[in-house]
Amino acid sequence: MILEGLVVVVGAVHLLICPYTKVEESFNLQAMHDILYFRSNITQYDHLEFPGVVPRTFIGPLFISVLSAPMVALASVLGYSKAYSQCIVRGVLGLCVIYSYLRFQQAVKKTLGDSVARYLILLTVTQFHFMFYLSRPLPNIFALGVVLLAMRAWLLQDHGSFVWLSAFAIIVFRAELAILMGLSLLMELVSGRLSFFNLFKYGIPAGLVSLGMTIAVDSLFWQRLLWPEGEVLWYNTILNKSSNWGTSPFLWYFYSAIPKALGISIFLIPVGAFVDVRVRSLLFPALGFVFLYSFLPHKELRFIIYVFPILNTAAARAVTTFFNNFPKSYFYKALAVGIAGHFAMNILMTSGFLYISSINYPGGDALWRLHQTIPETSGPVHVHIDVASAQTGISRFMQVNPDWIYNKTEDLIPGSDSTMEFSHLMIGAKADNATELMPYSSTHKILFYTKGFTGLKFNKKKKGVLINRDEKIFVLQKNTWK
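Procedures and definitions
- Residues numbered from 1 in each chain as written.
- Predicted model: local features only at pLDDT ≥ 70, side-chain atom pairs only at ≥ 80, totals over all residues.
- Heavy atoms only, no water.
- Buried < 20%, exposed > 50% of the residue type's maximum accessible area, 1.4 Å probe, protein only.
- Helix = DSSP H or I, 4+ residues; strand = E, 2+ residues; numbered from the N terminus.
- Pairing = 2+ DSSP bridges.
- Axes fitted to C-alpha atoms, helices over the stretch in contact; angles between N-to-C directions.
- Parallel < 35°, antiparallel > 145°, perpendicular 65-115°, else oblique.
- Left-handed = near helix turned anticlockwise from the far one by under 90°.
- Contact = heavy atoms within 4.5 Å.
- Core = buried A, V, L, I, M, F, W, Y, C linked by side-chain atoms within 4.5 Å.
- Salt bridge = Lys/Arg side-chain N within 4 Å of Asp/Glu carboxyl O.
- Expected span 1.5 Å × (residues − 1).
- Phe/Tyr/Trp six-rings, centres within 6.5 Å; stacked < 30°, edge-to-face > 60°.
- Lys NZ or Arg CZ within 6 Å of the ring centre and 35° of its normal.

Asks: Pulling in residues and values, what's your account of the pairing of strand 3 (residues 424–428)?
Replies: Burial analysis of strand 3 places five of its five residues in the buried class, which makes it a mostly covered element. With burial as the criterion, each face of strand 3 is covered, one bearing His-424, Met-426 and Gly-428 and the other bearing Leu-425 and Ile-427. Sheet analysis places strand 1 (residues 382–385) next to strand 3, joined by three bridges and oriented parallel. Following the sheet pairing, Val-383 is matched in strand 3 by His-424.

Asks: Give me the lowdown on the packing of helix 15 (residues 277–293) against helix 16 (residues 308–324), citing residues and values where you can.
Replies: Axis separation between helix 15 and helix 16 bottoms out at 9 Å; the angle between their running directions is 155 degrees. Classified by the angle their axes make, helix 15 and helix 16 are roughly antiparallel. In the crossing of helix 15 with helix 16, the sense of the turn from one axis to the other is left-handed. Contacts between helix 15 and helix 16 involve Arg-278, Val-279, Leu-282, Leu-283, Ala-286 and Leu-287 from the former and Ile-310, Leu-311, Thr-313, Ala-314 and Arg-317 from the latter.

Asks: Would you mind going over the nonpolar core in detail, with residue names and values included?
Replies: Nonpolar side chains tend toward joint burial in soluble globular proteins. Membership of the largest hydrophobic core comes to 126 residues, with the highest contact counts inside it found for Phe-58, Ile-304, Tyr-306, Phe-308 and Met-426. With 13 residues, helix 5 (residues 82–112) is the single largest residue contributor to this core. Counting residues in hydrophobic clusters, the runner-up holds ten residues, among them Met-420, Leu-425, Phe-474 and Leu-476.

Asks: Describe the side chain of Ser-135, and please don't skip the residues or the numbers.
Replies: Note on placement: Ser-135 falls in the loop between helix 7 (129–133) and helix 8 (139–155). Owing to a relative accessible area of 2%, Ser-135 belongs among the buried residues under this scheme. Among all residues touching Ser-135, those that are not within four sequence positions of it are Leu-15, Arg-90, Leu-93 and Gly-94.

Asks: Summarise the pattern of salt bridges; cite the residues concerned and give the values.
Replies: Close approach of charged atoms lets side chains of opposite charge pair. Evaluation of the coordinates by the stated rule reveals eleven salt bridges. Linking Arg-396 and Asp-34 is a salt bridge whose minimum nitrogen-to-oxygen distance equals 2.9 Å. One end of the pair, Arg-396, is in the loop between helix 19 (387–390) and strand 2 (405–407); the other, Asp-34, is in helix 2 (residues 26–37), with 362 residues separating them in the sequence. Per residue, the accessibility class of Arg-396 equals that of Asp-34, and both read buried. Three or more residues joined by partner-sharing salt bridges are found here, namely Asp-34, Asp-46, Arg-396 and Lys-408.

Asks: Explain helix 5 residue by residue, including any values.
Replies: For the α-helix, the turn length of 3.6 residues means that residues three or four positions removed from each other point alike. In a regular helix each residue adds 1.5 Å, so 31 residues correspond to 45 Å; helix 5 covers 44 Å between its end C-alpha atoms and thus fits that length. Immediately downstream of helix 5, the backbone of Gly-113 shows phi near 110 degrees, a positive value.

Asks: Describe the packing of aromatic side chains, naming the residues involved and giving the relevant values.
Replies: Two descriptors summarise a pair of aromatic rings, namely the distance from one centre to the other and the angle between the planes of the rings. Applying the stated rule across the entire model yields 28 aromatic pairs. Judged by centre distance (6.3 Å) and plane angle (10 degrees), the rings of Tyr-253 and Tyr-293 are stacked. Within this pair, whereas Tyr-253 is found in helix 13 (residues 252–262), its partner Tyr-293 is found in helix 15, the two being separated by 40 residues in sequence. Residue Tyr-253 is classed as buried on the basis of its relative accessible area of 0%. Among the aromatic residues, those joined into a ring-pair cluster are Trp-252, Tyr-253, Phe-289, Tyr-293, Phe-303 and Tyr-306. It is Arg-118 that lies over the ring of Tyr-119; its NZ or CZ is 5.3 Å from the centre. The aromatic ring of Phe-50 is capped on one face by Lys-408, whose charged end is 4.8 Å from the ring centroid.

See below:
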C-alpha cells in the first residue's frame, strides 16, 4: 500500500506545482467547467463559441464532472473560488488514471511476479511524463485510463473485457488505438487463445454500444448529429491535416519521445526482453504501435503515452534480475549499485522537467496576478484575453470574479475602437517596446508582465546550464479606468 500511495502523492505534487493547462487541454477542461456550472444550459457552453478544428467527445468530461460535483459543491460552500475546482476535476481525472494504472500493475504482479510489479511503480514515479500527464485533461489521458484496464484484461486473458474496453477506447476517445489493441488482438488470434467466433461475439455488441453512446451523448452537446472521433480520424488520417501543426522525422518517437519519457530506464528495456520471453510478448504490440503510428507526420509525446507502462514493465523485469542476482558476484553488485544510481538520475531529470513546466504558463500566472492586483472595490473590469494568453494557462475556471467581464474575441485589430472598450488587455509580447504594444502606448499603462520558459543556455563562466525566462504576457490598464 505504501508504493500505491506513492503514486497518488507524486501525481498530486505534479498537479499542484503545475495547476494550469494549455490549449491542447482546453476543450475538455472548458467542457467540465460548463457541465458543472451551466449544466443543462448548453447555449452558454464554451465549445459552441470556440468549437476548435475538430469536435471532441463529451463522455470523458461528463464522467469526471459527475464524480467531481460533490467536491466542487463543497468547495463552493466553503468559499473557495472556481480556480480550486480546476484542481479538483484534474485531481479526480488523475485518480481515475491511477486506479487503472494500479489495476494494470496488479495484473503484472500476477503474470510476472511481485518484484517486477514493485519496481514498475518505482520506475514510473521517478520518471516525469507519465506522472505529469495523468491529471491533464487531454483526449489521450481520458483514453489512457480505459487502455490500462484493457491491457490488464489482456494480461489476465480476460478476452471479453479486453474487447469491450478496447472498442470503447477506440470508438469514443482515440481511433489510432486500433493499432495498439489490434496488434494485441492479433497475437491472441494467432496463438489460438481467442477464436474468431468469440471475437465477433464480444466485438459486434461492444462496437455498437460504444458508437451509439458517443453519437447520442455528443450529438446532444454539439447540437448536431455527429460521431466526434470519426471526424477526428477523417481530419487527421484521411486528410492528413494534423501535419498543419508541425511534422517530425519518422523515428522521432524512438530517438526523442521515448528516451525523454523513460529517462535512463530506457537502457533496461532490452535486458528485460532478453531475460524473459513473456516481456517480448508485451513489447510487440507496444513497439509495433509506435512504429506504425510513426507514419503519421505530426508527432507528440502524448500520442504514445499508452506504451510507457508496458515499456517500464520490461525495464522492471531487468531491475528484478539485477537485484535478485546481487549476492552472486561483484559484477551483479556493481550493476545493482548502477540501478540505484539510475533511479537518482531519473529523479534529478524529473525535478528539472517539473520546474521548467511550472514556469511555462505565463497566461495563467498573468490572470491570477491580475485578480490579486485589482482591489475588489475597484470599478467595472472588462478584460480582453488574447490568443497567446488563452493558450498558456487560462480557462473558464480561472475567471473567478463574477463581476468582471472576460472576453476572448479573436482577431481584433490592435488599437481599434473594439480594443479600446476594454479596461484591461492581456497581450502576448516579447518586450515592453514590442509592436503588439505600440498602439496602446498613449492610452494604456503596463501594470505588469509575466515571464515564461524560452530554453536552456550553457553558461561558460559558471560552467552550468541556465534556464532562460523572457517576457511573455503583458497586462495593460486603460489610463481612464478607475
